[in-house]
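Below are the chains, spelled out letter by letter.
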Amino acid sequence: MMQKINAEVVSQEKIGTDIYSMWIKAEEMVSCARPGQFVSLYCRDGAKLLPRPISICEIAKEQGALRIVYRVAGKGTEEFSAYKAGENVSVMGPLGNGFPLKEGRAILIGGGIGIPPMLELARQLTGQKQIVLGYRDSHMFLKEEFEAYGSVHVATEDGSAGTKGNVLDAIRTEGLQADVIYACGPTPMLKAIQAYAAESGTEAWISLEERMACGVGACLACVCKSKEKDEHTNVNNKRICKDGPVFRAEEVTL
C-alpha cells in the first residue's frame, strides 16, 4: 500500500563519489515493499514542488527500515545528502512494480546508479545468482555487499577493474548463462540487454530509469513506448512510475 509518511533518518554515509546511502525508519512501508520498487522523497524547500524518485536498495523488515542509495545530481538530492540521523524526511511509497522472483539460474545486472536496487533482489532470490556490475572506474560502491549473495563480475569503462567495457562484455568474457536476466541501468545498457535476451532466448526483466513528476501515474510525464495499448491512455505507452519501472524486456520499445 502506497503511503506518505514523515520518516526518521536512521543513518547516512557517503559511499562513493557523490554517492550516498541513507537508512530511513519506515515501518508502514517495509511490510509491502518489494525489490525493484522505489520511494519519492520530498524536499523541505517549498519551491521544489516535485518529489525525487529513488530506488529501494534494501528492506530491513525486523528493523522497520528502508535503505536508499542515490547519486547527488541536483539541488534536491544535494539537500538530502546533508540530512543527519534523527532528522525527518517526507517519503511516499512504496511505488511502482517490482521484480518477479523467478526460479532457476539468474543473472543480475546493474549499471551505475542502477546498481542499488539489485541488492535487495540478490538477497531475496533463492536460486543460483551471477551478479554483473558496471562502473565507470575502480570506485565500486556496494560491490562487497553483493558478494554475500552470489558470484560478482565487474565491468569498468576505463578497464581499471574487471572486464574493460560494459556489462555485456563481462557476460560474454565470463561465459555467463542463465534462465532469467534482471537488469537496471541507463537506457543504452538496457537496450543492449534487451537485444541480447532476444538473441539468446532468455527471459529478461528490466527496470527503466526516467525523470518523473508525480510518481503515481497521474501526470503521464514518464512514459515509454510499448507494444500493447495502455488502458489509461489507449495509446502504445506505458507509465514507468505506475506500470513499471520493471517491465518484461520485450514489452517495451527503448
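From a predicted model like this one, the values you see are computed outputs, not experimental measurements.

A.B. asks: Tell me about helix α3 (residues 117–124), and name the residues and values.
C.D. replies: Among the eight residues of α3, six are classified as buried, and the element is accordingly described as predominantly covered. Taken residue by residue, α3 has P117, M118, L119, E120, L121 and A122 as its buried positions. Here the buried face of α3 lies against β4 (52–60), β5 (65–71), β7 (106–111), β8 (129–135), α4 (143–146) and β11 (180–184).

A.B. asks: Outline the side chain of T202, listing residues and values.
C.D. replies: For T202, the position within the fold is in the loop between α6 (187–200) and β12 (203–207). Residue classification places T202 among the buried residues on the basis of a relative accessible area of 15%. Apart from residues no more than four positions distant in its own chain, T202 is found in contact with A178, D179, V180, I181 and A197.

A.B. asks: Account for the packing of aromatic side chains, with residues named and values stated.
C.D. replies: Enumeration over the complete set of coordinates arrives at four aromatic pairs. Between Y20 and Y70, the ring centres sit 6.0 Å apart and the planes meet at 20 degrees, which makes this aromatic pair stacked. Placement of Y20 in strand β2 (residues 19–25) and of Y70 in strand β5 is noted, with a sequence separation of 50 residues between them. Classification of Y20 as buried rests on a relative accessible area of 16%. Judged by relative accessible area, which is 2%, Y70 ranks as buried. The lysine or arginine in question, K4, covers the ring of Y42, its NZ or CZ lying 3.9 Å from the ring centre. One residue, R44, lies across the ring of Y83, its end atom 3.9 Å from the ring centre.

Procedures and definitions
Residues numbered from 1 in each chain as written. Predicted model: local features only at pLDDT ≥ 70, side-chain atom pairs only at ≥ 80, totals over all residues. Heavy atoms only, no water. Buried < 20%, exposed > 50% of the residue type's maximum accessible area, 1.4 Å probe, protein only. Helix = DSSP H or I, 4+ residues; strand = E, 2+ residues; numbered from the N terminus. Contact = heavy atoms within 4.5 Å. Phe/Tyr/Trp six-rings, centres within 6.5 Å; stacked < 30°, edge-to-face > 60°. Lys NZ or Arg CZ within 6 Å of the ring centre and 35° of its normal.

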